[in-house]
Amino acid sequence: MKIATDQDRLTRELETLAEFTDAPAPAVTRVVYSETDLRARQYVKSLCVEAGLAVREDAVGNTFARWDGIEPDLPAIGTGSHIDAIPHAGRYDGTVGVLGGLEAIRALQRSGARPRRSIELLIFTSEEPTRFGIGCFGSRLLAGTLDESAGARLRDRDGRTLNEWRGTAGFDGNLAGARLPAGYYAAFVELHIEQGPLLERAGIPLGVVTAIAAPASWRIWLEGEGGHAGALLMPQRRDAFCAAAEVVLAVEQAARGTGAADTVGTVGVCDVFPGAVNSVPSRVRLELDVRDTDAGRRDAVLATIDRACEAVAVRRGVAVRKEIVNADPPAQCDARTVEALSRAAATHGLAFQKMVSRAYHDSLFMSRIAPTAMLFIPCRDGVSHRLDEYSSPEAIAQGALVLAEAVRELAG
Ligand code: GLV
Ligand code: MN
Ligand code: MN
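In what follows, the accompanying structure is described. (Residues numbered from 1 in each chain as written. Chains lettered and ligands numbered in written order. Predicted model: local features only at pLDDT ≥ 70, side-chain atom pairs only at ≥ 80, totals over all residues. Heavy atoms only, no water.)

Some thoughts on the coordination of the manganese ion (ligand 3)
Six octahedral donors at a metal ideally form angles of 90 or 180 degrees, and four tetrahedral donors ideally form angles of 109.5 degrees.
Item 1. Within the protein, the manganese ion (ligand 3) binds to His82 (NE2), Asp93 (OD) and His192 (NE2); these donor distances fall in the range 2.0 to 2.3 Å.
Item 2. Metal-to-metal, the separation of the manganese ion (ligand 3) and the manganese ion (ligand 2) is 3.7 Å; Asp93 coordinates the two. In this pair, His82 sits in strand β4 (residues 76-82) while Asp93 sits in the loop between β5 (85-89) and α3 (95-111), placing the two residues 11 residues apart along the sequence. This pair shows no difference in class: His82 is buried, exactly as Asp93 is. (Donors = N, O, S within 2.8 Å, 3.2 Å for Na, K, Ca; no water. Helix = DSSP H or I, 4+ residues; strand = E, 2+ residues; numbered from the N terminus. Buried < 20%, exposed > 50% of the residue type's maximum accessible area, 1.4 Å probe, protein only.)

Pasting the structure below:
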């Protein structure tokens, strides 16, 4: 039976979802558990209910919307992504996989076919690390890589815990209970924008992801001595921000130093205390992100950064303390699921290329508990995590179509 996606509807729904933002349009800011995130969830859930899907939520708000198959006791086929967005982001990161996944299910429903296995749309909680410093905590819980202690341990910048936040957002229950039983999914497939330039440059409409690079993240605190910007003379200074500046440059140098295009290092957060123009900074907090397709090379970069921190501490008389937030291994996608996606693209006459994802995704953790692969569509100039992120309605609808075709095959 022929499958067709409704491009206009999907485009409209993506536009509506982008209206749930705490930044002025066209930017999207939707941080997990904010009022805006909760309202956006309501909108997406209402679309799922409208499609006749059974919706449930777990202890942190991971949301499952299920279309029962003919044999509902068989392991299901999962698809989905996230709707949280980092500050001043665009509208496609994650949302394409959620609303595109929903449209794929609706396209299968319209085709008149009823799959053997159930198909479940997943909306992961907090793929982005904005509030708690750690990315993918929803999928980490599903995969069992975070335990109950995360509820009290994970805190926002003001010290408010995950447990407090999820309680206010209306999610409760045991965190350990969020872990999915072994064999829950027969396969998991995530549709996403590429967030890089390769597909667009090659003029190829689809990417089939075979591996996901290994991310790591640290928080670093530097403590020196503050004082009056006029009266505290230069020879006496132990300026925490100057020390932090050296650390930031050491990160850049270490990442560039491998000579490998796949090594990247970023310090994207820098809080300076007390943050007054006429006060010498006494305390700084940095957040560091280092990734590589080669986990060993990434860890060598982290070790170089660690040594640089120690050297800066001694030279500048500041205390440096670090917390390892995460250091995850890379993921290999499942060969059978990769082939299902490749066949689905070929069925619709669409070219694809196999590729590595340099961004991380919830699929990094789903791959630990289910045969997993990802489908990428091009985005303009490879831009992402910016308000000018863009994928065309045609590209998105094609992605949803190929996703539907692959899910149909996998669901049997
Ligand atoms: C996901 O948003 C990432 O930072 O790769
Ligand atoms: Mn993102
Ligand atoms: Mn994403």
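Section: the site of ligand 1
Item 1. Around ligand 1 sit Glu127, Glu128, Arg291, Ala359, Tyr360 and His385, and those are all the residues in its vicinity.
Item 2. Taking Glu127, its side chain carries an N or O atom lying 3.4 Å from an oxygen atom of ligand 1.
Item 3. Contacts to ligand 1 include Arg291, whose side-chain N or O atom sits 2.7 Å from an oxygen atom.
Item 4. Here the shell around ligand 1 is built from residues that sort into 2 nonpolar, 1 polar and 3 charged. (Near = heavy atom within 4 Å. Polar contact = N/O pair within 3.5 Å; in protein donor to acceptor, adjacent residues only side chain to side chain. Nonpolar A, V, L, I, M, F, W, Y, C, P; charged D, E, K, R; others polar.)

Topic: the sheet that holds strand β11 (residues 264-273)
Item 1. With respect to topology, 4 strands assemble into an open sheet ordered β11-β13-β9-β14, the strand pairing being antiparallel. If you trace the sheet from one side to the other, it starts and ends with β11 and β14 (319-327), each paired once. Each strand axis lies, on average, 15 degrees off the axis of its neighbour in the sheet, ignoring direction.
Item 2. Summarising the sheet, strand β9 (residues 214-223) and β14 pair through 8 bridges and their orientation is antiparallel. Of the residues in β14, the one forming a bridge with Leu222 is Val320. (Pairing = 2+ DSSP bridges. Axes fitted to C-alpha atoms, helices over the stretch in contact; angles between N-to-C directions.)

A word on unusual backbone geometry
Excluding glycine, most residues fall at negative phi; most peptide bonds, likewise, are trans.
Item 1. Cis peptide bonds are those with omega within 30 degrees of zero, and the linkage from Ala25 to Pro26 qualifies with 10 degrees.
Item 2. Within the secondary structure layout, Pro26 lies in the loop between α1 (7-18) and β1 (28-30).
Item 3. Omega for the peptide link from Phe273 to Pro274 comes to 5 degrees, which places this bond in the cis form.
Item 4. Within the element layout of this structure, Pro274 appears in the loop between β11 and β12 (279-280).
Item 5. A positive phi angle, near 55 degrees, is found at Ser126, a position not held by glycine.
Item 6. Along the chain, Ser126 turns up in the loop between β6 (119-124) and α4 (137-143).
Item 7. Despite not being glycine, Asp381 has its phi angle at roughly 55 degrees, a positive value.

Some thoughts on the coordination of the manganese ion (ligand 2)
Item 1. For the manganese ion (ligand 2), the full set of protein donor atoms is Asp93 (OD), Glu128 (OE) and His385 (NE2), and the range of their distances to it is 2.0 to 2.1 Å.
Item 2. Counting the intervening residues between successive donors of the manganese ion (ligand 2) yields the motif D-x34-E-x256-H.
Item 3. Among the residues examined, Asp93 registers a relative accessible area of 9% and is labelled buried.
Item 4. Given the relative accessible area of 37%, His385 is considered partly exposed.

Section: the nonpolar core
Item 1. Counting residues in hydrophobic clusters, the biggest one holds 70 residues, and the most contacted among them are Leu17, Val44, Leu53, Val96, Leu102, Leu375 and Ile377.
Item 2. Per element, the largest residue contribution to this core is 11 residues, and it comes from helix α12 (residues 393-411).
Item 3. The next biggest cluster of nonpolar side chains, apart from the first, holds 20 residues, and it includes Ala244, Ala254, Leu288 and Val312. (Core = buried A, V, L, I, M, F, W, Y, C linked by side-chain atoms within 4.5 Å.)

Remarks on the side chain of Thr263
Item 1. Tracing the chain through its elements places Thr263 in the loop between α8 (240-257) and β11.
Item 2. Owing to a relative accessible area of 7%, Thr263 belongs among the buried residues under this scheme.
Item 3. Those residues in contact with Thr263 that lie beyond four places of it in its chain are Ala255, Thr258, Arg291, Asp292, Arg297 and Val301. (Contact = heavy atoms within 4.5 Å.)

Topic: the pairing of strand β3 (residues 63-67)
Item 1. Of all 5 residues in β3, 5 are buried; the element is thus mostly enclosed.
Item 2. Because side chains alternate across β3, one face comprises the buried residues Thr63, Ala65 and Trp67, and the other comprises Phe64 and Arg66, equally buried.
Item 3. Judged from the 4 bridges that link them, strand β2 (residues 54-57) and β3 form a sheet pairing that is antiparallel. Residue pairing in the sheet places Val55 in a bridge with Ala65 of β3.
Item 4. Alignment of β3 against β6, held across 5 bridges, turns out to be antiparallel. What sits directly across from Trp67, in β6, is Ile119.

On their own, these measurements won't tell you what the molecule is for.
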